[in-house]
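Each chain, letter by letter, is given below.
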Amino acid sequence: MSTLLPAGFAALTPFTDCWAISGSIARAARRGDAHPTDRAAFFAAAAPLLDAALTHLDTCPINALSPADQRLMDMMLTLAHVSLTEEILGDQEPAHYRQRRAMHITRTPAGA
Amino acid sequence: MSDDSLAWLGTDPIPAAPYHDPLWFGLEREAVFRRSWLQIGHVCELPDSGSFIRREIEVLDASLLIVRGRDGEIRAFHNVCTHRGTQLVAEESGKRSNFSCPYHRWSFGTDGALLAAPDFDRFFVDKADCALPRVALDICGGLIFVHLGTPEKSLRDDLGPYATMLDGFPAAQATTFSEYVYDIDANWKLTYDNFQENYHLRFIHPRSGAPAVGEDNPFGYPAKMGFHGPHRTQTIWTNPDPAPKPVQAQSFGRAARFAMADGTAGLHSRDYLALFPNFFILGSPAQPFSHTVWPIDAHRSRGVIRLYWKGEDDCASRRYAREYAMASARDIHAEDRDVIEAGQRGLNSGALKHIHFQAQEALCRHLFNIVYERVSAYRAELAAITPPALALAEAQA
Ligand code: FES
Ligand SMILES: [Fe+2]
């Protein structure tokens, strides 16, 4: 368990399975497909750690992250999507979900 | 902007037919799309000699091959083998030293010249006459434009003062981008218009678009508009007192810091350009997106949205800031699609003879005016040509 995430981020351990996602398309899809309760729980746990996580990750070369660091990176990238539901859209999310599915991500620097 | 200063655009109702009539669309294909510079890509897609991209221009039934030659020059060709017309390249992009036709293996260089063809001495033509058909190409602000007719003006002359503006937009320095694409059951003008008026912001984007509206400007009307030839510009008004959410504030804060460090935070952070006929680009350094609306038929279009970035992701914060900016722009664009399609369904019925633009929809009126002018001029040209069949009938009478 100790190597799942870098030191200081143990609070996110229960969320690694579901939210450490590779690829922007998959991250965007998970945001929409997740159960609202799970999504809210992930946001509540991850949002306060965003700044600390990026500060930690910025000290490592981006293309040579350890598996634990990569997991943390992927979770923060998923948080980017999830935060839009939790912070901005609120109860507009269900209507928005259907609209969003028509916007197909084809390319991102993080890997589509 | 005072309503009087826009009087030159007129105030009449706008005929509705051009937004759904297939005959009108057929005229637009030639009058507008074959006679304009069209934005199709970015120089960062062609980093090396031999780099190529294929672009489908459905509105003109054309497939284009854009290649960086051995001499470093970027050229555009029709993706069509000069032997018997086979499409030469199937991949969307790649890198090659030459292009060999899958049918009988004629092969072409990165400059379009026919290099070799099996058994060529049995043909009745010179190699020099078998080069790939060239398409006019020009570049401004890192953006690649093509012209599938005969350009009357170079791209920079056509853009006038907006060429210099484009040079100052973040996209001019881009080396990579994020992209998302949507198909929409709506006419290209109806779709495009949505993105050049702010009247709808408070209704369609009440939360995602909150930073662009405020108590003293509830509709988020622009601070400034400008026009040059068929093109136009607008300066976005921003709420001086926004209330960003914590993750949102951190995300855009990071993006803004990178833009400052990269020197992409230029003069135009609140400006956008709406370049005739179908290209839109925003100068914002944190979310520097472009949006091209491609017509497919009278009732269908495709939007291609790109966020242009300078430099590779060199650290986690930069990667994160880009993912957030893309996700957040995509959210806003997603909100527009449904309502545009609903508009098209209403127009398709033919129930309306006219639609209406208010003063703050001046950019929409300007687009319509230019399209109308170009189509009218093209119709006049057609009318001046006596159809050969008619001439023959007259001669025989
Ligand atoms: S059609 Fe291309 S070689 Fe024959
Ligand atoms: Fe909108």
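Quick note: structure is the one above.
Residues numbered from 1 in each chain as written. Chains lettered and ligands numbered in written order. Predicted model: local features only at pLDDT ≥ 70, side-chain atom pairs only at ≥ 80, totals over all residues. Heavy atoms only, no water.

1. Some points on the coordination of the iron ion (ligand 2)
All names here are of chain B. To keep it simple, the criterion reads: Metal coordination here is assigned from N, O and S atoms located within 2.8 Å of the ion, or within 3.2 Å for Na, K and Ca; omission of water means that sites may look incomplete. Only four donors with every angle between 85 and 135 degrees are called tetrahedral; only four or six donors with opposite donors over 155 degrees apart and all others between 65 and 115 are called square planar or octahedral, in that order; all others are irregular. Put simply, DSSP marks the helices as runs of H or I at least four residues long and the strands as runs of E at least two long, and each gets a number from the N terminus on. Burial classification: accessible surface area is computed with a 1.4 Å probe over protein chains only, and a residue below 20% of its type maximum counts as buried, one above 50% as exposed, and the rest as partly exposed.
For the iron ion (ligand 2), the full set of protein donor atoms is H200 (NE2), H205 (NE2), D336 (OD) and D336 (OD), and the range of their distances to it is 1.9 to 2.8 Å. Considering all four donor atoms around the iron ion (ligand 2), the spread of angles at the metal, 52 to 150°, places the coordination shape in the irregular class. Along the chain, the residues that donate to the iron ion (ligand 2) are spaced as H-x4-H-x130-D. You can see H200 sitting in the loop between α4 (188-194) and α5 (201-204) and its partner D336 sitting in helix α7 (residues 316-348), a full 136 residues away along the chain. Grouping residues by exposure puts H200 and D336 together as buried.

2. A word on the packing of aromatic side chains
The condition that has to hold: Planes of paired rings set the category: under 30 degrees apart is stacked, over 60 is edge-to-face and the rest tilted, where pairs are Phe, Tyr or Trp rings (Trp by its six-membered ring) whose centres lie within 6.5 Å. Here, over-ring charges are defined by two tests on the NZ atom of lysine or the CZ atom of arginine: distance to the ring centre within 6 Å, and angle to the ring normal within 35 degrees.
In the structure shown here, the tally under the stated rule is 20 aromatic pairs over all chains. Between F145 of chain B and F279 of chain B, the aromatic rings sit 6.0 Å apart at their centres with planes inclined by 85°, giving edge-to-face as the arrangement. Taken together, the residues span a long stretch of sequence, with F145 of chain B in strand β11 (residues 143-147) and F279 of chain B in strand β16 (residues 279-282) at a distance of 134 residues. The pair formed by F145 of chain B and F279 of chain B is uniform in burial state, with each residue classed as buried. The structure contains a cluster of three or more aromatic residues connected by ring pairs, namely Y19, W24, F368 and Y372 of chain B. A cation over a ring is seen here: R107 of chain A above F177 of chain B, with NZ or CZ 3.8 Å from the ring centre. Between K189 of chain B and the ring centre of Y19 of chain B, over which it is positioned, the NZ or CZ distance is 4.9 Å.

3. Some details on the sheet that holds strand β3 (residues 51-57) of chain B
All names here are of chain B. Note the threshold: The criterion for strand pairing is that DSSP finds at least two bridges linking the strands in question. To get an axis, a line is fitted to the C-alpha atoms, and for a helix only the part in contact is used. The angle between two axes follows their N-to-C directions and goes from 0 to 180 degrees.
Ordered by their spatial adjacency, seven strands build an open sheet running β2-β11-β10-β5-β4-β3-β6, and the pairing between neighbours is antiparallel. Strand pairing shows two members of the sheet lacking a second neighbour, β2 (38-42) and β6 (93-95), which therefore form its edges. Within this sheet the neighbouring strands show an average axis-to-axis angle of 30°, counted without direction. Bridging between β3 and strand β4 (residues 62-68) involves six bridges; their strand directions are antiparallel. In the sheet register, R55 faces β4, and the bridge partner there is L64.

4. Considerations on the interface of chain A and chain B
Under the convention used in this document: Residues count as neighbours in contact if any of their non-hydrogen atoms are within 4.5 Å of one another. In this description, buried area is defined as the sum, over both parts, of the accessible area (probe of 1.4 Å) that is lost when the two are combined. Salt bridge, as used here, is a side-chain nitrogen of Lys or Arg placed within 4 Å of a carboxyl oxygen of Asp or Glu.
On the chain B side, the residues contacting the 39 residues of chain A number 39 residues. Carbon and sulfur atoms make up 56% of the area that chain A and chain B hide from each other, which totals about 3700 Å². Among the residues of chain A in contact with chain B, M103, R107 and P109 of chain A are the three that bury the most area, contributing 20% of the side total. The interface formed by chain A and chain B holds five salt bridges in total. Between R27 of chain A and E323 of chain B there is a salt bridge, and its shortest N-O distance comes to 2.8 Å. For the side of chain A that touches chain B, the elements supplying multiple residues, two or more each, are α2 (24-33), α4 (50-57), α5 (67-89), α6 (93-100) and β1 (104-107) of chain A. At 10 residues, α5 of chain A tops the list of elements feeding residues into the side of chain A that touches chain B.

5. Quick word on the nonpolar core
The condition that has to hold: For our purposes a nonpolar core is just a set of buried Ala, Val, Leu, Ile, Met, Phe, Trp, Tyr and Cys residues, chained together by side-chain atoms within 4.5 Å.
The biggest cluster of nonpolar side chains holds 71 residues, and the ones touching the most others in it are I57, I66 and V146 of chain B. With nine residues, the single largest contributor to this core is helix α8 (residues 362-384) of chain B. When residues no more than four places from it in sequence are discounted, the contact partners of I57 of chain B are L38, I40, A62, L64 and W294 of chain B. One finds F43, A47, I62 and I88 of chain A within the second-largest nonpolar core, a separate group that totals 34 residues.

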